[in-house]
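Coordinate inspection notes
Here is how the chains run, residue by residue.
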Amino acid sequence: MSSFFKVCRVFVMFICCLFLLSCNDSHSIDSTKKENQLKPEEASEKPVIQIGSKSLTEQYLLMKMTALLLKYEGFRVKEIRFLDSPSIRQALEQGYIDMYWEYTNTARMYYHKKSPVYNGDQLYNLVKEEDAMSGITWLNRSDFNSSWRLIVTRSFVEKHHIHTISDLMKYIQREEKKIKIATNEEFLIREDGFKRLNEAYHIDMGKENVIALDSKILPLAVKEGRVDVAVGMGSDSHIEEYGLVVLKEDKVVFPPYHAAPVMLTKTMKEYPIVSEKLNGLSAELTNEKIHQLVYKVDILHQDVSKVAYDFLVANELIQK
């Protein structure tokens, strides 16, 4: 595909995202209302930052927290949702957005086309150095790791005394059990997926016992007993809703997918306060905190803006 058509494709996706954005409900927090009440000449004087988000609740939260932080610093912020990783990456590279939150091994494997790295700090430094050559800056990474996890019921844990992935593998080998496993189709073909799980524990579970399901219903399949184990995302809020258990990863099986803000280097240099504020946000993000926020939005149906705002206030990143 020629570079002309690539640019056209990104432009069309960008316009579609703007249309979707215009259809969103108005935000519920006071800071956004005050901004909407500015006179046209006052609003036009404020610098504009365009932030992107992938189509995940955790990403919506990260985008919203970023937007609120920057609004409190006097920026006008445009929030744009993208359908997938390639489209948001292309939008950044083409300068249609200034920044978004990315995952370290996503960049390593899908943008840089290299094998996964299993050491979190080494991985972060590698993707940071690689993207720096393309005018993209990685700010400080968070401790939030959006990686794969093995999910089972609490009764399964208690009945078979299984708490780690090693316990599960020993159980399979000892009992010669053909347990049913569910995951999504992507996990079955990824280099860091099903193949990696077998290699790490020197076992061949066989794909004949694996069912490919939509990621959204993996926890439900475990809850209802249709499968014994599911391999899904650890941030899935239905794990907590259904009272399921995540097995401890006692070996380094899955590569880390730490979330970090990535932005155009020229934007970072023009507005250094952005780096300062977002590095402060990254320092507060952990798996536990993100899981709690996602649960509030997905399960308790709380407003994303309100959840993001309350988190920033509670962690003293903005003043109430």
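Just above, that's the structure.
Quick notes on the rules
Residues numbered from 1 in each chain as written. Predicted model: local features only at pLDDT ≥ 70, side-chain atom pairs only at ≥ 80, totals over all residues. Heavy atoms only, no water. Buried < 20%, exposed > 50% of the residue type's maximum accessible area, 1.4 Å probe, protein only. Helix = DSSP H or I, 4+ residues; strand = E, 2+ residues; numbered from the N terminus. Phe/Tyr/Trp six-rings, centres within 6.5 Å; stacked < 30°, edge-to-face > 60°. Lys NZ or Arg CZ within 6 Å of the ring centre and 35° of its normal. Pairing = 2+ DSSP bridges.

**Some remarks on helix H5 (residues 85-93)**
- Among the residues making up H5, those that are buried are Ser87, Ile88, Arg89, Ala91 and Leu92.
- Looking one or two places after H5, you find glycine 95, whose phi comes out positive at around 80°.

**Here's the deal with the packing of aromatic side chains**
- One pass over the full model with this rule turns up five aromatic pairs.
- Their ring planes at 80° and their centres at 6.5 Å tell us that tyrosine 124 and tryptophan 138 sit as a pair that is edge-to-face. Here tyrosine 124 is found in helix H7 (residues 120-132), whereas its partner tryptophan 138 is found in strand S4 (residues 136-138), with 14 residues between them in sequence.
- On the basis of relative accessibility, which here comes to 9%, the residue tyrosine 124 falls in the buried class.
- Ring geometry for tryptophan 148 against phenylalanine 187: centres 4.8 Å apart, planes inclined by 65°, an arrangement best described as edge-to-face. Taken as a pair, tryptophan 148 in strand S5 (residues 148-152) and phenylalanine 187 in helix H10 (residues 185-189) lie far apart in primary sequence, 39 residues in all. You'll find tryptophan 148 and phenylalanine 187 in the same group, each marked buried.
- Of the aromatic side chains, those joined through ring pairs into one cluster are Trp148, Phe187 and Phe254.
- The ring of tyrosine 60 is capped by arginine 81, whose NZ or CZ atom sits 3.9 Å from the centre of that ring.
- One residue, arginine 196, lies across the ring of tyrosine 118, its end atom 4.1 Å from the ring centre.

**Focus on the pairing of S5**
- Most of S5 is tucked away, with five of its five residues classed as buried.
- Burial of S5 is two-sided: the residues Trp148, Leu150 and Val152 facing one way and the residues Arg149 and Ile151 facing the other way are all buried.
- Pairing of S5 with strand S8 (residues 229-233), which is carried by four bridges, proceeds in the antiparallel orientation. Paired with tryptophan 148 across the strands is methionine 233, a residue of S8.
- Judged from the two bridges that link them, S5 and strand S9 (residues 245-246) form a sheet pairing that is antiparallel. When the bridges of S9 are listed, valine 152 appears paired with valine 245.

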